[in-house]
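Residues per chain, in single letters:
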Amino acid sequence: MGPGLTLFIDADDTLWENNIYFDSVIGRTATRLEEYGVASERTREALMAIERQRTRAHGYGSVNFGASLEVLCEHVGLVHALEDLRPFLRAEIAALRRKRLELLPDVPDTLAYLRRRHRVVLFTKGNHDEQWDKVVRSGLRDHFHQVDVVREKDAGAYRDAARRLGVRPDRAWMIGNSPKSDILPARDAGFGAVFVPHPGTWALELAELPPDNHDAGILRVETFARLREVF
Ligand SMILES: [Mg+2]
């Protein structure tokens, strides 16, 4: 494609690893709750239902995830054990927040290439301070013309971002790993979208995409580096 587009790029699990760390906290929590007689399957299912509901009300991020783990303990009948479990849960969340950010392969070079040809906006959802902290720690801030953190990435958020940044939707593309947050709502708002799948994507970010070639506005690349072939 010719230069001069605006590329909105997702952060978590597109630029750096994120969900695998949440998954490992869930794994250790499930193991811990087994000691109290709660089957691992039950822990995982209950947490999924709790997070589906709580992220809608409270948004994303490690603080809300920590609160969801406490709600989980109550939900599986461990109200009395919560005093016991709380130090473990808090230590897990604290470690999650300190985690070194691990960039996905070829991200800085690819961003440098894209930035030379297009306007590049990091577009991420979640807790404002936490997402900004990750952007700074990633060392990628200077690769972006702009950074935009929103509470939820729905079609309205894409329309709003296009308006705020003065971008025509038909000159904008969204790039990311989440069918639910990156691809479908961006298409609804009239953006093009490039799906970059990540095998560790959070279950709540999955959604069915149209079959290949049914929508010329949705492309798929298998690695971040291959965005050079598109843009
Ligand atoms: Mg993502």
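Above: the structure in question.
Here the structure is a predicted model, which means the values were calculated and not measured. (Residues numbered from 1 in each chain as written. Predicted model: local features only at pLDDT ≥ 70, side-chain atom pairs only at ≥ 80, totals over all residues. Heavy atoms only, no water.)

Here's the deal with the overall build of the protein
- Scanning the protein from N- to C-terminus turns up 9 helices and 6 strands.
- In terms of overall dimensions, the protein has C-alpha extents of about 60 × 35 × 30 Å along its principal axes.
- Positive and negative charge centroids in the protein, built from 33 and 35 side chains respectively, lie 5 Å apart. (Helix = DSSP H or I, 4+ residues; strand = E, 2+ residues; numbered from the N terminus. Lys, Arg positive; Asp, Glu negative; His and termini not counted. Charge placed at Lys NZ, Arg CZ, Asp CG, Glu CD.)

Here we look at the coordination of the magnesium ion
- The magnesium ion binds to the protein through Asp10 (OD), Asp12 (O) and Asn177 (OD1), with metal-donor distances spanning 2.1 to 2.2 Å.
- Mapped onto the sequence, the residues coordinating the magnesium ion show the spacing D-x1-D-x164-N. Of this pair, Asp12 sits in the loop between strand 1 (6-9) and helix 1 (19-34) while Asn177 sits in the loop between strand 4 (172-176) and helix 8 (179-188); the two residues are 165 residues apart in sequence, bridging distant segments of the chain. In this pair, the class of Asp12 matches that of Asn177, namely buried. (Donors = N, O, S within 2.8 Å, 3.2 Å for Na, K, Ca; no water. Buried < 20%, exposed > 50% of the residue type's maximum accessible area, 1.4 Å probe, protein only.)

Some words on the nonpolar core
- If you look at the biggest cluster of nonpolar residues, it comprises 28 residues, and the most contacted ones within it are Ile9, Leu15, Phe144 and Phe231.
- Of all the secondary-structure elements, those providing two or more residues to this core are strand 1, helix 5 (107-117), strand 2 (119-125), strand 3 (146-150), strand 4 and helix 9 (227-230).
- A per-element tally of this core places helix 5 first, with 4 residues.
- Among the nonpolar cores identified, the runner-up in size contains 22 residues, and Phe65, Val76, Leu82 and Phe88 belong to it. (Core = buried A, V, L, I, M, F, W, Y, C linked by side-chain atoms within 4.5 Å.)

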